[in-house]
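As a plain string of letters, each chain reads:
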Amino acid sequence: MNIVTHCLLFVQLFSFVCYSNQLQQLNIGAFFYENEFEYQRAFESAVLRINSENKSNFKLLPMIKKLSSYDGPIALKREDIVNSFGWKKFTIVYDAEDVYAYTKLQDLFQLHSLHSDIVRIRKFKRNEDYRILWKSIKGERRIVLDCNPNILLDLLKAAVPFDLTGQFNHLFLTNLDTHSSEIKSLRDNPAYAMNVTAVRLKLNDGFYKHSIAHKRAIANIKFHRQHLKVTLIHDALMLYGIALKNIATNYPTTQRYVNCDYNEYNSTYSSPAGSYIYNSMTNISPLDEVHFRSGSMLFDDNGQRTGFEIEMYEPLNDYGTAFWNTKGQITQQHIGANVLKKIVYRVATRIGEPLTAKTENVTHNRRYMGYAVDLIEALSKEIGFEYIFVPVADNGYGKYNKETKQWNGIIGELINNDAHMGICDLTITQARKTVVDFTVPFMQLGISILAYQKPTESKAWSAFLDPFTVDVWIYVMISIFIIALLFIFMARISRDEWENPHPCNKDPICLENKWNISNSFWLTMGSIMTAGSDILPCSASMRTFNAMWWIFAVIIANSYTANLAAFLTNSKMEGSISGIQDLAEQTKVKFGTMEGGSTFTFFSESNETTYRLAYNLMQNNDPPAYTKDNKEGVDRVLKNNGSYMFLMETTSLEYNTERNCKLKMLGEKFGEKHYAIAVPFGAEYRSNLSVAILKLSERGELFQLKNKWWKNHNNTCHEGVQTDASETPDMTFSEVRGIFYTLGVGVIIAYTVGIFEFLIYTQKVAAAEKLTFKKAFLKEIIFVLCVWNNKKPLKLASSNSSKTTSPNAP
C-alpha cells in the first residue's frame with residue numbers, strides 16, 4: 001500500500017510546525033465521521049503515546065474534524081490466495097454498493113473476463129432478499145465473498161437452504177475485518193460445516209513484547225478483534241511521529257495557516273519541511289518495527305509499502321493456516337491437531353476384491369473388508385480422523401463423458417465434493433490429475449496378459465513309447481527279427497564263422513558255428529540297445545553287415561533318447577505367444593481389456609508401435625474385445641479355453657491367478673502404474689495422508705497388507721499345472737511309470753522261464769537219484785536258499801556217466 005494512503009488512508013493528517021528555543025508544539029489533525037469513535041480514540045491514544053515516549057523538543061497537539069464515512073481499498077493480491085486453494089472454478093459474490101469492490105477484487109475480475117465459464121460473478125445489495133442471490137448459484141462449492149462484517153451473518157444464514165454451507169463447500173472471506181464479525185457464533189452449529197478461510201493483517205509480536213505502556217494501557221484487548229483502521233491509524237501516527245522526532249531539532253520552520261482547497265489556479269500550501277518529512281518517513285529503519293503494530297514499515301521507490309503480511313486463518317475456530325506477503329509468497333503454518341474441526345471423512349470406493357469387498361449382516365464400516373479398508377484404518381490411526389465408506393452408485397473408477405462434460409465414478413464424487421477422498425485400485429493418470437489431486441502412491445504395478453492355463457493331462461503308462469509312433473516301433477521290431485535271421489544265414493555261408501570247438505585238438509572231426517538263433521538275436525538286440533555283446537563276428541562280410549546294423553542302431557537309439565525328455569515332460573505351449581509383442585503380431589488369439597479403464601487409456605494414447613498395433617486389433621475385434629469390468633474379462637478367459645486373453649493390471653492379475661489354477665500371467669509386465677488415494681483439489685489433508693503412507697511403507701506395513709489380501713496360503717496350483725516351454729520341471733512317476741511296468745513284466749517273464757527250467761531240472765534229479773519229485777524239489781530248493789554255498793556236487797552228471805559206461809564194464 002502507498003505510504004500516503006497508509007498514513008492518510010483513513011485519517012487526513014496535516015501539521016502546523018513552529019520553532020523556538022522552548023518545546024515545539026506541532027498541531028496534527030484528522031478527519032473522522034460522526035460514528036467513528038473507535039478510530040478517534042485510536043488516533044488520540046497514538047498521539048498520547050508519542051508525546052509520552054518523545055524525548056525531543058516537540059509535542060503533538062491533536063485536532064479533530066468530523067466528516068462522513070470513508071473506506072479505502074487495500075492493495076492485496078487476493079488472486080494469489082485463491083490460487084493457493086487450487087480452485088479451478090468458483091463464484092465471486094460482492095456488495096454492489098461498495099464503490100471499491102472492483103479495486104479490491106480486480107485480479108479475480110480479470111480471471112472472469114478471461115474464463116467466464118469457470119469464474120462467475122454475482123452481486124447483491126444490502127437489505128434485499130439474499131435468498132435470491134444464493135439460489136442463482138445453488139450447487140456452487142467454492143465462493144469468494146466480499147462483504148462488510150456487519151452483514152456477514154445475515155448472508156450466511158440465507159445460504160443454508162441452498163446447501164451452500166455444508167462440509168463440502170469452501171468459503172473465502174476477503175474483508176480484512178472479518179475477525180470483528182460474529183462469525184464465531186456459528187462454530188457449533190451443524191448447519192455450518194463448510195471450510196471457511198478469511199484474511200487479516202498480520203500483527204507484530206515484537207510490538208506487544210517491548211511496549212510497556214501499551215501493555216499497561218490495553219493489556220486485556222485482543223488485537224485481532226480490532227478493526228483494521230485502528231491498527232493503520234496507530235502505525236500512521238507512529239511513523240509520522242518518529243519522522244518528526246528525527247528532524248525536529250534540525251529543520252526550523254514558521255507556523256502558518258493554510259487553505260486546504262485546491263483548484264487549477266492555486267494550489268494548497270506545502271510546508272518547506274514536507275519533503276524532508278516524507279523522505280524521513282520512507283526511510284524509517286526496520287529496527288524501529290517495535291513501534292508498529294503491523295510490523296516493519298518498509299517502502300519501495302514509489303512509496304508502496306512492501307513489508308506487511310496477511311494472515312490466512314479459519315475464522316470459526318480462530319487458528320491461522322498460512323501467511324501471504326507482498327511478493328505473492330504463501331507460507332503454510334503448522335496447525336495442531338487439537339484446533340482442527342471435527343470432520344467425519346467420506347471415503348468413496350468401489351466394490352471389487354481384493355481392495356474392497358462387501359459383507360452382509362453387519363453395519364457401518366464393518367460391512368466392508370479388503371486392502372483399501374485396512375489401509376484407511378491404518379491411516380486413520382496414524383493421523384487421527386474418523387471416516388465412513390461410501391461406495392459409488394455406478395461402481396466406476398472415473399470416466400470423462402465428452403458429451404455431458406462430466407466425470408462419473410469416484411472421480412465424479414470428488415469433483416462434486418460429495419466425498420473427501422477416494423480409494424480403490426485407482427490408477428494415477430494425466431486426465432484424472434487435471435481434475436483431482438493424488439497422494440503419494442501406496443502400490444506400484446504394471447500391465448500384463450491373463451491367459452488360460454491348460455491343466456497337465458495324465459500320461460498313459462506307455463508314454464515312454466511316445467517318441468516313436470506305432471508304425472516306427474513295428475518297423476524297428478521287424479528289422480530286428482529280419483536282421484537276426486539274415487545274420488544267421490550270412491554266418492552259415494561265411495567260412496571264417498565255422499570254428500573248431502576244441503582248439504587243443506588240431507584235427508577235429510567237426511566244425512561248429514556259434515551264430516545260432518539265440519546268439520544272433522542277442523547280438524542284434526544288444527546293438528540296438530547300445531549294450532554290445534560278448535561274441536563278435538570274424539569274417540569280413542559279417543563285420544560289414546554288423547557295422548551297418550550298428551549305424552542303424554545308433555541313430556535309432558539317439559533319436560529315441562533326444563525325443564524322450566520332451567515327451568515325458570510338458571509339451572510346448574500352444575502357439576508362440578510369450579508377451580505383448582507376440583500377441584499384437586498374431587490374429588488367431590483374440591484379446592481385450594476393460595473399456596474406459598487406465599489400461600484402455602494406456603493403449604489408446606500410446607505412440608509406441610507395438611501398443612498402437614495391439615489397440616487397433618482390439619478396436620477391430622468382432623465381437624468386441626472390451627469388457628465392462630475385470631471380472632467379465634476373467635470369465636471370458638476361462639470360457640474360451642485359450643482362444644481369448646485379457647490385458648489387465650498386475651495386481652488384479654496376481655490376485656486371480658493365486659485363486660484359480662486355470663489362469664496364469666503370460667510375459668513380463670509393462671507400462672508402470674501407481675495406485676494412490678484421490679482427494680479434491682486443494683485438500684489440506686492430502687499432505688498428511690502422503691506422509692502417513694510413507695511411514696506405513698517404511699515400517700513394512702504396506703507389504704504386509706498386500707501379502708494378507710493377495711497371497712492365497714492354500715494355493716495348490718503348482719500341482720497338475722502346465723508350465724511354460726522354457727521350464728524343465730522334474731518328471732513324476734506318472735510320466736515314467738511305463739518303463740517300470742516294462743521292467744516288471746520282463747522280470748516276471750524271466751523268472752517264469754527260470755522256474756520252468758528249475759522244475760525240469762528237479763524232475764531229472766528225482767529220476768536220477770530215484771527220489772520222489774517232492775523230496776528232490778525240497779532238496780534243491782534248500783540248496784538254492786543257502787546263498788553262501790557257491791559249489792554244487794555233480795551227482796546227476798556222475799550217475800549219468802556210470803550208466804553210460806556200465807555195459808562195457810567187466
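Procedures and definitions
Residues numbered from 1 in each chain as written. Predicted model: local features only at pLDDT ≥ 70, side-chain atom pairs only at ≥ 80, totals over all residues. Heavy atoms only, no water. UniProt positions renumbered as here; feature names shortened; annotations may be inferred. 1 Å grid on protein atoms, 1.4 Å probe; cavity = no way out; pocket = protein on both sides within 12 Å on 5 of 7 lines; lining within 4 Å. Points joined across faces, edges and corners; volume = space filled by probe spheres on them. Helix = DSSP H or I, 4+ residues; strand = E, 2+ residues; numbered from the N terminus. Nonpolar A, V, L, I, M, F, W, Y, C, P; charged D, E, K, R; others polar. Phe/Tyr/Trp six-rings, centres within 6.5 Å; stacked < 30°, edge-to-face > 60°. Buried < 20%, exposed > 50% of the residue type's maximum accessible area, 1.4 Å probe, protein only. Core = buried A, V, L, I, M, F, W, Y, C linked by side-chain atoms within 4.5 Å. Contact = heavy atoms within 4.5 Å. Salt bridge = Lys/Arg side-chain N within 4 Å of Asp/Glu carboxyl O. Pairing = 2+ DSSP bridges. Axes fitted to C-alpha atoms, helices over the stretch in contact; angles between N-to-C directions. Parallel < 35°, antiparallel > 145°, perpendicular 65-115°, else oblique. Polar contact = N/O pair within 3.5 Å; in protein donor to acceptor, adjacent residues only side chain to side chain.

Going by an unreviewed UniProt entry, the protein carries the name Ionotropic glutamate receptor C-terminal domain-containing protein and comes from Glossina palpalis gambiensis. In the Sequence similarities (unreviewed entry) part of its UniProt record, the protein is described as follows: "Belongs to the glutamate-gated ion channel (TC 1.A.10.1) family." In its Subcellular location (unreviewed entry) section, the UniProt entry covering the protein states "Postsynaptic cell membrane".

(A) Empty space enclosed by the protein, seen in detail. If you walk through the whole model with that rule in mind, you get four cavities of 30 Å³ or more. By volume, the largest cavity amounts to about 120 Å³. Lining the largest cavity are 15 residues, with M594, G597, S598, T599 and E649 positioned closest to its centre. Counting only elements with at least two residues in the lining of the largest cavity, the list comes to helix 19 (598-605) and strand 24 (644-649). Taken together, the residues of the lining of the largest cavity break down into five nonpolar, seven polar and three charged.

(B) Inspection of the packing of aromatic side chains at higher detail. One pass over the structure, following the stated rule, counts 25 aromatic pairs. When the centroid spacing of 5.5 Å and the interplanar angle of 80° are considered together, the rings of Y387 and F389 count as edge-to-face. In this pair, the class of Y387 matches that of F389, namely buried. Measuring from centroid to centroid gives 5.8 Å for F481 and F521, while their planes differ by 45°, and the two rings are tilted. Remark: F521 occurs in helix 16 (residues 517-528) and F481 occurs in helix 15 (residues 470-493); sequence separation between them is 40 residues.

(C) Representation of the nonpolar core. Ranked by size, the top nonpolar core spans 34 residues in total, and within it Y371, L379, M421 and F442 carry the most contacts. When contributions to this core are tallied by element, the ones reaching two or more residues are strand 12 (344-349), helix 12 (371-383), strand 15 (386-391), strand 20 (443-452), helix 23 (686-698) and helix 24 (701-710). Ranked by residue count, the leading element in this core is helix 12, at seven residues. For M421, the contacting residues outside a window of four places in its chain are Y345, R346, V347, A348, I376, F385, L414, I677, A678, V679, Y685 and L689. Among the nonpolar cores identified, the runner-up in size contains 28 residues, and Y130, I137, L186 and Y192 belong to it.

(D) The pattern of salt bridges, seen in detail. Counted according to the given criterion, the structure contains 22 salt bridges. Put simply, D163 and R141 hold a salt bridge, and the shortest N to O gap is 3.8 Å. Placement of D163 in the loop between helix 7 (152-159) and strand 7 (170-173) and of R141 in the loop between helix 6 (130-136) and strand 6 (142-146) is noted, with a sequence separation of 22 residues between them. Judged by its relative accessible area of 45%, D163 is partly exposed. For R141, the salt bridge identified is with D418, shortest N-O distance 3.5 Å. Of this pair, R141 sits in the loop between helix 6 and strand 6 while D418 sits in the loop between helix 13 (409-415) and strand 18 (421-422); the two residues are 277 residues apart in sequence, bridging distant segments of the chain. Overall, D418 belongs to the partly exposed group, its relative accessible area being 26%. Three or more residues joined by partner-sharing salt bridges are found here, namely K184, R200, E311 and D318.

(E) Broad picture of the sheet that holds strand 6. Read across the open sheet, the eight strands follow the order 5-4-6-7-8-9-10-11; overall the sheet is mixed. Looking at the sheet topology across the chains shown, the edges are occupied by strand 5 (119-124) and strand 11 (330-332). Across the sheet, the mean angle from the axis of one strand to that of its neighbour is 25°, orientation sign disregarded. Here strand 7 runs beside strand 8 (residues 195-201); their pairing, made up of four bridges, is parallel. Residue pairing across strands places F172 opposite T197, the latter belonging to strand 8. Seen against the sheet, helix 5 (residues 106-114) touches strand 4 (90-95), strand 5 and strand 6 and runs at an angle of roughly 125° to strand 5.

(F) Representation of the packing of helix 12 against helix 23 in the model. Relative orientation of the contacting elements helix 12 and helix 23 amounts to 105°, with a least axis distance of 10 Å. Classified by the interaxial angle, the pair formed by helix 12 and helix 23 is roughly perpendicular. Contact residues: helix 12 offers L375, A378, L379, E382 and I383, while helix 23 offers N688, L689, A692, I693, K695 and L696. Residue classes in the contact of helix 12 with helix 23 are distributed as eight nonpolar, one polar and two charged.

(G) Local environment of the environment of E140. Structurally, E140 can be placed in the loop between helix 6 and strand 6. Judged by relative accessible area, which is 6%, E140 ranks as buried. Separated by 30 residues in sequence, E140 and H170 have C-alpha atoms that sit 9.4 Å apart. Within polar-contact distance, the side chain of E140 engages the backbone nitrogen of R142 at 3.2 Å.

(H) Broad picture of the pairing of strand 10 (residues 319-325). Here strand 10 lies mainly inside the structure; seven of its seven residues are buried. Where strand 10 and strand 11 come together, three bridges link them in antiparallel fashion. Bridging from a neighbouring strand, A322 pairs with Q332 of strand 11. Connecting strand 10 to the antiparallel partner strand 11 that follows it, the hairpin turn spans four residues, and G328 within it adopts a positive phi of roughly 85°.

(I) Expanded view of the environment of S606. You can see S606 is positioned in the loop between helix 19 and helix 20 (609-619). Placed 65 residues apart in sequence, S606 and G671 show a C-alpha to C-alpha distance of 10.0 Å. Setting aside its immediate chain neighbours within four residues, S606 contacts Y611 and R612.

(J) Broad picture of the sheet that holds strand 24. The strand order across the open sheet built from four strands is 23-24-20-25, with neighbouring strands paired in mixed fashion. Each having just a single partner strand, strand 23 (590-592) and strand 25 (663-675) make up the two edges of the open sheet. Between one strand axis and the next, the sheet turns through 20° on average, direction left out of account. In this sheet, strand 24 lies alongside strand 20 in antiparallel orientation, the contact comprising four bridges. When the bridges of strand 24 are listed, I447 appears paired with E649.

(K) Here's a closer look at the packing of helix 22 (residues 650-659) against helix 24. Remark: helix 22 packs on helix 24, axes separated minimally by 10 Å, with the N-to-C direction vectors making an angle of 45°. The orientation of helix 22 with respect to helix 24, classified from their angle, is oblique. Listed contacts from helix 24 to T651, E654, Y655, E658 and R659 of helix 22 are K706, W709 and W710. Classifying every residue of the contact of helix 22 with helix 24 gives three nonpolar, one polar and four charged.

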